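Breakdown of the fold
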Amino acid sequence: MGLFNKNKKEAHFAGGSKNAMESIQRSNDSGTLIYLDPRQDFNTNTVITVAPNEQVIFIKNGEFYGTLPSGRHEVKTENYPVLSRIRNMLTGGMSTFTCQVYHVQTNEQKVNWGTSTPIEIQDFFLGGGRIGVPTLLRGAAAFRVRFNINEDDDACKKTFKRLMGDKTSYTVADLENIFDAEISQKVCAVVGKTLEGISRQQSINAISSQLEDFAIILKPRFDEVFATYGLELVDFSFYNLNIEMTELRKKYIDRLTAAAHTGSYDTAVQQELLGNVTLSEGMSGVGAGIGAGIAAGSAFAQMSATAFGNTQQPATSHPDPTEVLSKMKQLLDRGLIRQEQYDAKVDEILSRL
C-alpha cells in the first residue's frame, strides 16, 4: 500500500480524507437517541463539540474511555497525520489505534408502563400478620427518562455496550422495545415487592388513594433499575394502581372486620369456623358416624366457649363500646371498611347506651 493511500473510513471526513484537525459534532435527526459518528480513527487534536442536551461517549482502542459533557473538547489520540499513514501501511490502511465517538441525546423521553397481566403478591396485613393472602394488582404509569451514561458505573457501561452491539444508531423505537421487553418487568417486580413489604406493617387496601406517598417510596428503587440501562429517571406518575377484589380477599377483609367486633383475630377466625360447621351438611348427620358427631360436638362446644366467652355470662353482655369504636376507627382509617359501615356501627353502639 502506498504512503498516501487512504483508509476506506476516511471517506466520511470533510473532503473525503482525514485532515490534520477535525471538527466533530452531531448531525443526525431528533428521533435517533444514540448514534456512532462515521468519522472514526480521527487525528489527535481533533475538536469534538458536544451540543446542549447531549453527551458523547469516547471509545479508544475498543475500550470505554470516558464521557464528554456539553461544550468544546480537544482530544488526544495516538494518530498523527503522516506517522499514522506510515504505520497503517503495515495493516492495509487500517489504523492500529482506533477511536470512535457515540453521540447520546439527553432530551427527556416518555415511556408508558402498564400491567398486561396482574402482579401477584402476598398481603400479610390481611392475613393477620401470620400468612400472606394472595393478592392481584393492576396498574399503569408514565415515566419520563433521559440517557445519562455514567462512566463510573460498570453495570451501566456493560449495558450500553450490550444495547449498541454492532448497531450504529439507537432510536426512540429501540428504547420503547427494551422498556417493554426488560425494564417493564423490573418495574412490576419493584412495585410488587415494595407493596408486599408495606403489607407487613399496615394495610395496602387503600393504595389507590395513596399513590403520591407510594411514589416517594418507589422513586429511589426505580432510579436503580433505570441507571443500569444508562437512563436517568426524571419523573413518573401513576394513572392508577388497583387491587382486585377476589372472593379470597373479601373473606379476609370480613375476618378483620369481625376481629374489630370481638377484639381478637383468633376469636374472629373461630367464629368463622363455627359458622362453617353450623352450615355444613356433613356435620348435620348425613354420612357422618356417631363418633364423628361426638367429636364435632366437642369441637363445637370448645370453639363456642372461646369465641363467645364464658357461657355463664348474661346473653345480653356486649364488648366494651369504647374498645369496639376504637377498633372500628382503625379499620376505617386503613381503608378496610367503608364510611357507611363505620357510621352504622356507631349508631348501633350508641343505641345500646
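Now for a look at the structure at hand. These figures come from a predicted structure and were not determined experimentally.

1. Observations regarding the overall build of the protein chain
- Per the secondary structure count, the protein chain includes 9 helices and 12 strands.
- By residue count, 40% of the 353 residues in the protein chain fall in the buried class.
- Taking the intrachain contacts of the protein chain between residues at least 6 apart in sequence as the baseline, contacts between residues at least 24 apart amount to 70%.
- Summing over all exposed atoms, the protein chain offers an accessible surface of approximately 19,000 Å²; the carbon and sulfur share of this is 53%.

2. Observations concerning the pairing of strand β5 (residues 63-68)
- Strand direction decides the pairing type here: strand β4 (residues 54-60) and β5, joined by 5 bridges, are antiparallel. Among the inter-strand pairings, Phe58 is bridged to a residue of β5, identified as Gly66.
- The hairpin turn running from β4 into β5, its antiparallel successor, is 2 residues long, and Asn61 in that turn takes a positive phi close to 55°.

3. What about the pattern of salt bridges?
- One pass over the full model with this rule turns up 11 salt bridges.
- Between Arg39 and Asp37 there is a salt bridge whose closest N-O contact spans 2.9 Å.
- A relative accessible area of 0% means that Asp37 is categorised as buried.
- The residue Glu232 makes a salt bridge to Arg146 at a minimum N-O spacing of 3.2 Å. With Glu232 in strand β12 (residues 231-243) and Arg146 in strand β10 (residues 133-147), this pair connects stretches of sequence that are 86 residues apart.
- Judged by relative accessible area, which is 29%, Arg146 ranks as partly exposed.
- Residues participating in the shared-partner salt-bridge network are Glu108, Arg144 and Asp235.

4. Quick notes on the packing of aromatic side chains
- Across all of its chains, the model carries 13 aromatic pairs by this definition.
- Judged by centre distance (5.4 Å) and plane angle (75°), the ring pair of Phe143 and Phe222 falls under edge-to-face. In this pair, Phe143 is assigned in strand β10 and Phe222 in helix α4 (residues 211-227), connecting sequence segments 79 residues apart. Phe222 shares its class with Phe143; the two are buried.

5. Some points on the pairing of β10
- Bridge count for strand β8 (residues 109-114) against β10 is 6 bridges, and the pairing is antiparallel. Considered in β10, the bridge of Trp113 is made with Ala141.
- Sheet topology note: the strand β9 (residues 119-123)/β10 ladder contains 5 bridges and is antiparallel. Note on β10: the bridge partner recorded for Gln122 is Pro134.
- For β10 and β12, the ladder comprises 11 bridges, and the chain directions are antiparallel. In the sheet register, Ala140 faces β12, and the bridge partner there is Asn240.

6. Quick look at the nonpolar core
- The biggest cluster of nonpolar side chains holds 49 residues, and the ones touching the most others in it are Trp113, Phe143, Val191 and Phe222.
- Sorting elements by how many residues they give to this core places helix α3 (residues 172-198) first, with 10 residues.
- Residues contacting Trp113, with those up to four places away along its chain left out, are Ile119, Gly139, Ala140, Ala141, Phe143, Phe179, Ser184, Val187, Cys188, Val191 and Phe238.
- The next biggest cluster of nonpolar side chains, apart from the first, holds 15 residues, and it includes Leu126, Val133, Ile253 and Tyr342.

7. Comments concerning the environment of Arg221
- Tracing the sequence through the fold places Arg221 in helix α4.
- Separated by 34 residues in sequence, Arg221 and Val187 have C-alpha atoms that sit 9.1 Å apart.
- A distance of 2.8 Å separates polar atoms of two side chains, one belonging to Arg221 and the other to Thr194.

8. Here's the deal with α4
- Between the first and last C-alpha of α4 there are 23 Å, a value that for 17 residues agrees with the 24 Å anticipated at 1.5 Å per step.
- Leu211, Phe214, Ala215, Leu218, Phe222, Val225 and Phe226 are the residues of α4 that are buried.

9. Remarks on the sheet that holds strand β11 (residues 169-171)
- Spatial ordering of the open sheet is given by β5-β4-β7-β2-β11, a layout of 5 strands whose pairing is antiparallel. Pairing within the sheet leaves two strands with one partner each, and these edge strands are β5 and β11. Averaged over neighbouring strand pairs, the angle between their axes works out to 15° when direction is ignored.
- With 3 bridges joining them, strand β2 (residues 32-36) and strand β7 (residues 99-105) adopt antiparallel strand pairing. In the sheet register, Leu36 faces β7, and the bridge partner there is Tyr102.
- Sheet strands touched by helix α2 (residues 154-164): β2, β4, β5, β7 and β11. Its angle to β5, the strand with the most contacts, is close to 100°.
- Its contacts with the sheet put α3 on β2 and β11, and the angle it makes with β11 is roughly 70°.

Rules and cut-offs
Here the residue numbers are simple positions, counted from 1 along each chain's written sequence. Owing to the predicted nature of the model, reporting of local features is limited to residues with pLDDT of at least 70; listing and counting of side-chain atom pairs is limited to 80 or more, with chain, interface and lining totals taken over all residues. Water and hydrogen atoms play no part in the side-chain values, which are based on all heavy atoms of the structure. Numbering goes from the N terminus for both helices and strands, where a helix is a DSSP run of H or I of at least four residues and a strand is a run of E of at least two. Remark: exposure states derive from per-residue accessible area (1.4 Å probe, protein chains only) relative to the maximum for the residue type, with buried under 20%, exposed over 50%, and partly exposed in between. Contacts are assigned to residue pairs with any non-hydrogen atoms lying within 4.5 Å of each other. Computed with a 1.4 Å probe, the accessible areas rest on the Shrake-Rupley method; for each residue, only the protein chains presented here act as cover. Two strands qualify as a pair provided that DSSP identifies no fewer than 2 bridges between them. Salt bridge, as used here, is a side-chain nitrogen of Lys or Arg placed within 4 Å of a carboxyl oxygen of Asp or Glu. Within 6.5 Å between ring centres, the rings of Phe, Tyr and Trp (the latter by its six-membered ring) count as paired, and their orientation is classed by plane angle as stacked under 30 degrees, edge-to-face over 60, tilted in between. Buried Ala, Val, Leu, Ile, Met, Phe, Trp, Tyr and Cys residues form a nonpolar core when they are joined through side-chain atoms within 4.5 Å. Polar contact is defined as a pair of N or O atoms within 3.5 Å, subject to the rule that within protein one atom must be able to donate a hydrogen and the other to accept it, and that residues adjacent in sequence are counted only when both atoms are side-chain atoms. Helix span is expected to be 1.5 Å times the residue number reduced by one. Fitted lines through C-alpha atoms give the axes, limited to the stretch in contact for helices. The angle between two N-to-C directions lies from 0 to 180 degrees.

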